Amino acid sequence: MTAALAGMAMLAACGGGTGAAAQNAGGEGGIASNIKLMGVYDTTGPVAYAGVGASKGMKLAMEEIEKQAFLGPDVKLTLDEVDTAGAIERASSEVSRAIADSEVKAIFGPVSGQQAATVAPIVEQAGVPTIFNQAGSEGVVIGDFTFRGTAPMYSYYDIAAKYLADKGLTDVAVIYNGTFPTFAEIGQKEFPRLAGEHGLTVSSSYAVQSNTQDFTAQAQEIAAKKPDAVVLLLIAPQAVTALTQLGQAGYEGQTVGSSVQAAGNVAQAGEHAAGLVYPVDFSAAQDDETAVKFVEEFTKKYGKAPDQYAAEGYDSMWWLARAIKASGDSSRAGIQKGLQKVAAEGFEGVMGDLTFEGNDLRVKGVLVQWDGSKERLATE
């Protein structure tokens, strides 16, 4: 058993009181032998990488939870998944269907901020604990039953601003997707605020839409102005195009992205992506013991290293398992209480020391650089 998994097993041994609870048939105040969960998120479409990655991380965690008998020797977690395919209406209908199924004890919600903000009031009103991954916009964590297992991107984006300041790259252009709430919030508000705090100047800012596929005009204007750095707050396919067109226009300055560009999502931009830096909540390049062991176990199961979405899904599933153990109750109300209890105390996950602001995750984050073929830790 690896050191990280051994530590988890030790936590299971020290949890206390779950053996008898696990024998409970599953009524209020006990842990059922089969705990049904529902995942409602994109596994196809433009942001499928987030849903697919989170799903893989959650399934690895579930295997470990069961193997360690973390919740008791006869307790099994099951996860049914539905692809929202980028449709807000489908996300709403599938969440409503999950709520109507009394066997579903908790939901893992949409990764898209627009979908998540739409379903959040629905699960709150129904009293079904729901953990969202990604979905970093406002209007998602809105009450006692909504939780987020991904730190909002803006909460650790300061490490990118600090990097630019430390490098003396103070003249910055920004291109952001104004349709996606997360990117709009950072592009319009958070990065300008961070720029002010770190002595940077946003000399030009360009808002684009989710269907924007050509950045030639912006790229040529930026190349002519020659800012020290360009911050790209774009979905993965857009970032590939923008980086390529910036390079073709002759821009040679520093490019900065976001976690959406992580884990090889910019590889198609080839040489134009080399040198791109971006802050993430997790990278397979991390060298701390817990992260290294997670990478080993994930790679053994899936044949490739995990991305940040997998780490978020993994830690979120362990958050839920710890919640059930903490409350000794796998009902909807029991899970909700347990999630809040675990959040109040925090815990160590593969993303590091996890703390929470209410029901909302916070991490320190790490800055990485894409060298043209792989990620490495960025150095000042």
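Residues numbered from 1 in each chain as written. Predicted model: local features only at pLDDT ≥ 70, side-chain atom pairs only at ≥ 80, totals over all residues. Heavy atoms only, no water.

A.B. asks: In this structure, what is going on with the overall build of the chain? I would like to understand it.
C.D. replies: Within the chain, the secondary structure is distributed over 13 helices and 15 strands. Relative to the compact-globule value of 21 Å for 380 residues, the chain shows a C-alpha radius of gyration of 21 Å, a close match. By the burial criterion, 56% of the 380 residues in the chain qualify as buried. Residue pairs at least 24 apart in sequence account for 70% of intrachain contacts in the chain once pairs closer than 6 positions are excluded. (Helix = DSSP H or I, 4+ residues; strand = E, 2+ residues; numbered from the N terminus. Rg over C-alpha atoms; globule rule 2.2 N^0.38 Å. Buried < 20%, exposed > 50% of the residue type's maximum accessible area, 1.4 Å probe, protein only. Contact = heavy atoms within 4.5 Å.)

A.B. asks: How do you make sense of helix H13 (residues 332-345) when you look at a structure like this?
C.D. replies: One turn of the α-helix equals 3.6 residues, which is why residues spaced by three or four share an orientation. Counted at 1.5 Å a residue, the expected span for H13 with its 14 residues is 20 Å, and the 20 Å between its end C-alpha atoms agrees. Along H13, the residues classified as buried are Arg332, Gly334, Ile335, Gln336, Gly338, Leu339, Val342 and Ala343. (Expected span 1.5 Å × (residues − 1).)

A.B. asks: Hey, could you run me through the layout of surface pockets in this one?
C.D. replies: Gaps left between atoms are located by rolling a probe of water-molecule size over the structure's atoms. Considering only enclosed or pocket space, the largest pocket measures out at about 430 Å³ in volume. Contributing to the lining of the largest pocket are 22 residues, with Ala263, Lys304, Ala305, Pro306 and Asp307 lying nearest its centre. Elements represented by at least two residues in the lining of the largest pocket include exactly helix H3 (48-67) and helix H12 (308-327). Among the elements that take part in the lining of the largest pocket, H3 stands out by supplying 4 residues, more than any other. Split by residue class, the lining of the largest pocket holds 13 nonpolar, 5 polar and 4 charged. (1 Å grid on protein atoms, 1.4 Å probe; cavity = no way out; pocket = protein on both sides within 12 Å on 5 of 7 lines; lining within 4 Å. Points joined across faces, edges and corners; volume = space filled by probe spheres on them. Nonpolar A, V, L, I, M, F, W, Y, C, P; charged D, E, K, R; others polar.)

A.B. asks: Would you mind showing me how to read the packing of H3 against helix H11 (residues 289-302) here?
C.D. replies: Geometry of a packed helix pair, given as the angle between the helix axes and the separation of the axes. At a minimum axis separation of 11 Å, H3 and H11 run at an interaxial angle of 100 degrees. Considered as vectors, H3 and H11 are oriented roughly perpendicular to each other. Counted together, Lys56, Gly57, Lys59, Leu60, Glu63 and Glu64 of H3 and Phe294, Glu297, Phe298, Lys301 and Tyr302 of H11 form the full contact between these two elements. Tallied by class, the residues present in the contact of H3 with H11 amount to 4 nonpolar, 1 polar and 6 charged. (Axes fitted to C-alpha atoms, helices over the stretch in contact; angles between N-to-C directions. Parallel < 35°, antiparallel > 145°, perpendicular 65-115°, else oblique.)

A.B. asks: I would appreciate a short explanation of the pattern of salt bridges in the present structure.
C.D. replies: Here the idea is simple: oppositely charged side chains can pair when their charged atoms come close. Under the criterion given, the structure shown has 18 salt bridges. One continuous salt-bridge network, built from bridges that share partners, spans Arg148, Glu357, Asp360 and Arg362. (Salt bridge = Lys/Arg side-chain N within 4 Å of Asp/Glu carboxyl O.)

A.B. asks: In this structure, what is going on with the confidence of the model for the chain? I would like to understand it.
C.D. replies: The predicted coordinates ought not to be read in detail in places where the model reports low pLDDT. The share of residues in the chain with pLDDT of 70 or more is 92%, and the mean pLDDT across the chain is 91. Within the model, pLDDT remains below 50 along residues 1-27, and this stretch shows 42 contacts once partners closer than five positions in the same chain are excluded. (pLDDT = per-residue confidence, 0-100.)

A.B. asks: Help me understand the packing of H3 against H12, please; the structure alone is not making it clear to me.
C.D. replies: Direction vectors running N to C along H3 and H12 enclose 40 degrees, while the axes themselves pass 6 Å from each other. Overall, the two elements H3 and H12 adopt an arrangement that is oblique. For the pair H3 and H12, the sense of crossing is right-handed. Across the interface between the two elements, Tyr49, Ala50, Gly53, Ala54, Gly57, Met58, Leu60, Ala61, Met62, Glu64 and Ile65 from H3 touch Tyr309, Ala310, Gly313, Tyr314, Met317, Trp318 and Ala321 from H12. Here the contact of H3 with H12 is built from residues that sort into 14 nonpolar, 3 polar and 1 charged. (Left-handed = near helix turned anticlockwise from the far one by under 90°.)

A.B. asks: I'm lost on the packing of aromatic side chains in this one. Help?
C.D. replies: How two aromatic rings sit relative to each other is given by the distance of their centres and the angle of their planes. On inspection of all chains with the given rule, the structure shows 11 aromatic pairs. Measuring from centroid to centroid gives 5.4 Å for Tyr49 and Tyr309, while their planes differ by 50 degrees, and the two rings are tilted. Placement of the pair is Tyr49 in helix H3 and Tyr309 in helix H12, with a sequence separation of 260 residues. We classify Tyr309 as buried; its relative accessible area is 1%. Taken together, the aromatic side chains of Phe282, Phe294, Phe298, Tyr302 and Tyr314 make up a single cluster linked through ring pairs. (Phe/Tyr/Trp six-rings, centres within 6.5 Å; stacked < 30°, edge-to-face > 60°.)

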